[in-house]
Amino acid sequence: MSFEIVGTEGALCGHRFPVGDAPVTFGRHTDNTVVFPGRAVSRFHAELRREGENHVLRDRGSSNGTLVNGERVTEHLLLPGDLIAIGEETFRWEAAETPGAPSDLPVTQMFVRPEVFSGPVLNVAVSGGGPVGLAFALLLDHLLGPQVSVTVYDSRWTREDGRVVWKDERQGNVRRRQVVTIQSRQFLNLSEEMRERLFAPGEYTEMWPSGADSIGGLGPRNIRIARIEDVLLRMCGERPDRIRLVPEKFDVTAPGALEGRHVLAVCEGSRSRTREHLTGRFGQADSGIYSLDGEHVEDVVLGLQVRSALSDPATVLLTVAQNRFLLNSLRGEGFLNMRLTDEEAQEVVGIDPVRRSFEQCIGSRPCVMDRDGDGDFACSTHSTLFLPALVKGSKLWKRVRQGLEFFAVPEEDLSAVTAFRLSMVQRPRFTAQLRAETPASPGTYGFLLGDAANAIHFWPGRGLNSGLASAISLARSLSSAWNGRPFRDADFIRHEAAMSMLQYRHKSRAWKAMVASDEDGVTSTVKELIARSLAGEGAGREADTEVLMERLGSIRSRLAGRIEGLPDDGALREHLARLTDETLRSLVAGGPWDTLTVGGEEVDIDIFYREEAAQPARA
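Small disclaimer: the values here were computed from a predicted structure and weren't measured.

A.B. asks: Go over the overall build of the protein chain, please, and point to the residues and values.
C.D. replies: The number of helices and strands found in the protein chain is 19 helices and 34 strands. In summary, the protein chain has a C-alpha radius of gyration of 28 Å against a globular reference of 25 Å for 619 residues, a match within 12%. With the C-alpha coordinates of the protein chain rotated into their principal frame, the extents come out at 100 × 55 × 45 Å. Across the 619 residues that make up the protein chain, the buried fraction comes to 55%. Long-range pairs, those at least 24 residues apart, make up 71% of the contacts in the protein chain with a sequence separation of at least 6. Accessible surface, the protein chain as shown: approximately 26,600 Å² in total, 47% of it carbon and sulfur.

Take a look at the structure:
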């Protein structure tokens, strides 16, 4: 008698698969007979073997077990009508309707989603489930459909009511609250569903004018990064048949971590441990190009969560006119970023009021300190208070208050404080073969994406734009190159070129925001120019005010055709009159955003993928 397994629940519901003499194996690894991804499916989950006239099902040490008729089994002699449950798939063991099922069919092709696709599945691991890692997974699903199985790892997640969600502060995860700016070049390259769900009405604004990076006149869009994370995670969770979410840290050092993986995408962020472990493959980063007089340049930025009363046009004008403060917001709520001098950065510490010890948590991890019931800024993770806000004589806190005044933020509308560092390095490569092909396992290629490749932070969204572009490029390269055969270096020429262009363009822009040259061509860091102004007397209040007014007027003239409602001279003079002499001096010394120097042609990922862009996504 011949037998077959019949899908009764899950993605293979309704499909009949004849069973011959050859063993049938189940799991998410591509070497299995029946390949199907799922949150509860192991790489090599279960095996069905013929023993004489009988067939025996064995669990292969899977993490979540194999069920027969609702009971977990290690080994089970199958009888007609038995129900086999593996992950979210359920099969019924039946006598075949047509006797004599052939035993020599190519079962490895016969069992893999026969309704849509009968070739090998691309097995992708993503280390880091932030916006870049999640977007990459969704783009692969959009482009390759059933030809890809993606597993995303992130220890910042947990399971709740059967879903994977972000941990909260009580669980040790402080969510990011920044507002980021997504350029149209990036959001137009996302799938239509991603765009519709991310940029729903009321969830974004167009604060900044369209520019060189705007496609079809569409301007950049301001959106909360937490919304991006929530929406993309929810979308990935809705695709358990092709995207598996694992609320754990990916451990590249674990035995078999790369076994069966065709691709490892490293999206863990700028301090990626996976990338550092693989330095021998990706190469050692060089900080020399971002140094002055032999010293690596690093900026420390204080992030102030605020609610501003200024209109978007006024905010844009005041932000572009100087290099000390940058406000990026969504309807007035967002983060006011303050560039610190080296002396000020030394003040960015927390104090434990019980042990009376100092903690660098805010300046090095970084942590977010929320205003508590006493009006202090407290770190819930390390039980510390933000020291500058407690010290009456703190120069830094006085200057923070001036930043609030500059953007019309009442001090009670400052709700949290954090800090981050901008420290760039040049990476030699972003693509590397991590593991050669063996008879038992495919070769593995590794890729650096997002901040793991290029960390750029001071301009809100600059790093995310670069990260999304890198995810778009790799997804397109993989969808073009995957044919079931081992990858080659040549398959990723376009992606590596795109990554090099992104590094050059975005980091050169960030570097121009960190340094400035005087009329003699001498280059100094912007933070040092600000520090000198704070230590000196300057030209005087009236002269500094006129310099700023001239600068604001020039910028207003350039923006007038793209932004309505810019403040007039009277409103600007009244605004500047609220600032101290020291603050005016520092705004003059830091200079304006050098939009001419950093402007020009943007990186267009589409130039590498014109042919693929014209083709529809695979079903």
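A.B. asks: Break down the packing of aromatic side chains for me, citing the residues and quoting the values.
C.D. replies: Here the structure, examined in full by the defined rule, presents 19 aromatic pairs. With a centroid separation of 5.3 Å and an interplanar angle of 55°, the aromatic rings of phenylalanine 187 and phenylalanine 199 are classed as tilted. In this pair, phenylalanine 187 sits in helix 3 (residues 184-187) while phenylalanine 199 sits in the loop between helix 4 (192-198) and strand 17 (221-224), placing the two residues twelve residues apart along the sequence. Comparing phenylalanine 187 with phenylalanine 199, the two get one shared label, buried.

A.B. asks: Before we move on, can you summarise the confidence of the model for the protein chain with the specific residues and values?
C.D. replies: Interpretation of this model should avoid reading the predicted coordinates in detail wherever pLDDT is low. When pLDDT is averaged along the protein chain, the result is 88, and 92% of the positions lie at 70 or above. Contacts from residues 98-117, a stretch scored under 50 in pLDDT, to residues over four places away or in other chains number 41 contacts. For the stretch residues 613-619, pLDDT sits under 50, and the model shows twelve contacts to residues farther than four places along the chain or on other chains.

A.B. asks: Now, about the sheet that holds strand 25 (residues 350-352): what can you tell me, with residues and values included?
C.D. replies: One open sheet holds the nine strands; their spatial order is 23-24-22-30-27-28-29-25-26, and the pairing between them is antiparallel. Single-partner strands in this sheet number two, and they are strand 23 (325-330) and strand 26 (357-359). Sheet twist, expressed as the average angle between the axes of neighbouring strands with direction ignored, equals 30°. Two elements, strand 22 (residues 299-307) and strand 24 (residues 333-339), share seven bridges in a ladder whose sense is antiparallel. What sits directly across from valine 306, in strand 24, is glycine 334.

A.B. asks: So, the packing of helix 12 (residues 462-481) against helix 13 (residues 493-512): which residues are in play, and what are the values?
C.D. replies: Relative orientation of the contacting elements helix 12 and helix 13 amounts to 170°, with a least axis distance of 9 Å. As summarised for this structure, helix 12 and helix 13 are arranged roughly antiparallel, according to the angle between their axes. The residues of helix 13 that touch helix 12, namely those facing Arg462, Ser466, Ala469, Ser470, Ser473, Leu474, Ser477 and Ser480, are Arg494, His495, Ala498, Met499, Leu502, His506 and Arg509. Taken together, the residues of the contact of helix 12 with helix 13 break down into five nonpolar, seven polar and three charged.

A.B. asks: Can you explain the side chain of aspartate 299? Please cite residues and give values.
C.D. replies: Relative to the assigned elements, aspartate 299 resides in strand 22. Judged by relative accessible area, which is 1%, aspartate 299 ranks as buried. Among the polar contacts made by the side chain of aspartate 299, one reaches the side chain of arginine 339 at a distance of 2.8 Å. Those residues within four positions of aspartate 299 in sequence are excluded, and the remaining contacts are Arg339, Phe420, Arg421, Leu422, Met514 and Lys527.

A.B. asks: Describe the pairing of strand 6 (residues 54-59), listing the residues and the values that go with them.
C.D. replies: Direction of pairing for strand 5 (residues 46-51) relative to strand 6: antiparallel, over a ladder of six bridges. Residue pairing in the sheet places alanine 46 in a bridge with aspartate 59 of strand 6. Counting the residues between successive antiparallel strands, the hairpin from strand 5 to strand 6 contains two residues, one of them, glycine 52, with a positive phi of roughly 65°.

A.B. asks: Lay out the pattern of salt bridges with the relevant residues and their values.
C.D. replies: On inspection of all chains with the given rule, the structure shows 37 salt bridges. Across the salt bridge formed by glutamate 344 and arginine 324, the nearest N and O atoms sit 2.8 Å from each other. Placement of glutamate 344 in helix 9 (residues 342-345) and of arginine 324 in the loop between helix 8 (312-320) and strand 23 is noted, with a sequence separation of 20 residues between them. Among the ionic contacts, a cluster of salt bridges with common partners joins Asp141, Glu193, Arg197, Glu238, Arg239 and Arg242.

A.B. asks: So, the environment of aspartate 168: which residues are in play, and what are the values?
C.D. replies: Locating aspartate 168 in the fold gives a position in the loop between strand 15 (163-166) and strand 16 (179-182). Each C-alpha atom, one on aspartate 168 and one on threonine 158, is 9.4 Å from the other, the two residues being ten residues apart in sequence.

A.B. asks: Let's hear about helix 5 (residues 225-237): which residues, and what values?
C.D. replies: Residues lying three or four places apart along an α-helix face the same way, a consequence of the helix completing one turn every 3.6 residues. For helix 5, which comprises 13 residues, the first-to-last C-alpha distance of 18 Å matches the rise-based estimate of 18 Å (1.5 Å per residue) to within 8%. Every buried residue belonging to helix 5 is among Ile225, Arg227, Ile228, Glu229, Val231, Leu232, Leu233, Met235 and Cys236, and all of these are buried.

A.B. asks: For a nonpolar patch on the surface, give the residues involved together with the corresponding values.
C.D. replies: A cluster of nonpolar side chains, Leu188, Ile215 and Leu218, forms an exposed patch at the surface whose accessible area comes to about 190 Å². Within the secondary structure, isoleucine 215 sits in the loop between helix 4 and strand 17.

A.B. asks: Please give an account of the sheet that holds strand 31 (residues 431-435) that cites residues and values.
C.D. replies: The sheet built from six strands is open, its strands ordered 18-13-12-19-32-31 with mixed pairing. A single partner strand is all that each edge strand has here, and the edge strands are strand 18 (243-246) and strand 31. On average, each strand axis in the sheet is tilted by 20° relative to the strand beside it, whichever way the strands run. Those strands touched by helix 2 (residues 131-144) are strand 12 (122-127), strand 13 (148-153), strand 18 and strand 19 (263-266), and its axis lies near 170° from that of strand 13.

Definitions and cut-offs
- Every chain is numbered on its own, with residues counted from 1 as its sequence reads.
- Confidence filtering applies because this is a predicted model: local features only for residues at pLDDT of at least 70, side-chain atom pairs given and counted only at 80 or more, and all residues used for totals across whole chains, interfaces and linings.
- Derived side-chain values reflect all non-hydrogen atoms in the structure, with water molecules and hydrogen atoms excluded from consideration.
- The helix and strand labels rest on DSSP assignments: H or I over at least four residues marks a helix, E over at least two residues marks a strand, and numbering proceeds from the N terminus.
- Based on C-alpha atoms, the radius of gyration is set beside the globule rule, defined as 2.2 Å times the residue count to the power 0.38.
- Under the scheme applied here, a residue whose accessible area is under 20% of the maximum for its type counts as buried, over 50% as exposed, and between as partly exposed, the area being computed with a 1.4 Å probe on protein chains only.
- Any two residues whose heavy atoms approach within 4.5 Å are treated as being in contact.
- Using a 1.4 Å probe, accessible areas were evaluated by the Shrake-Rupley method; residue-level cover was limited to the displayed protein chains.
- Under the pairing criterion, centres of Phe, Tyr and Trp rings, with the six-membered ring standing for Trp, must be within 6.5 Å; the plane angle then separates stacked pairs below 30 degrees from edge-to-face pairs above 60, leaving the rest tilted.
- pLDDT is a per-residue confidence score from the predictor, ranging from 0 to 100.
- In short, DSSP must find at least two bridges between two strands for them to pair.
- Axis definition: a line fitted to C-alpha atoms, over the contacting stretch in the case of helices. Angles run 0 to 180 degrees between N-to-C directions.
- Throughout, the term roughly parallel applies to angles under 35 degrees, roughly antiparallel to angles over 145, roughly perpendicular to angles from 65 to 115, and oblique to all others.
- Side-chain classes are defined by residue name, with Ala, Val, Leu, Ile, Met, Phe, Trp, Tyr, Cys and Pro counting as nonpolar, Asp, Glu, Lys and Arg as charged, and the others, Gly among them, as polar.
- Any pair of nitrogen or oxygen atoms within 3.5 Å is treated as a polar contact; in protein, a donor-acceptor pairing is required on top of that, and neighbouring residues in sequence qualify only through side-chain atoms on both sides.
- For this document, the term salt bridge refers to a Lys or Arg side-chain nitrogen within 4 Å of an Asp or Glu carboxyl oxygen.
- A helix is expected to span 1.5 Å multiplied by its residue count minus one.
- Two joining distances apply to patches: 9 Å for like charges and 5 Å for nonpolar side chains (Val, Leu, Ile, Met, Phe, Trp, Tyr), and every residue must have over 30% relative accessible area and no salt bridge.

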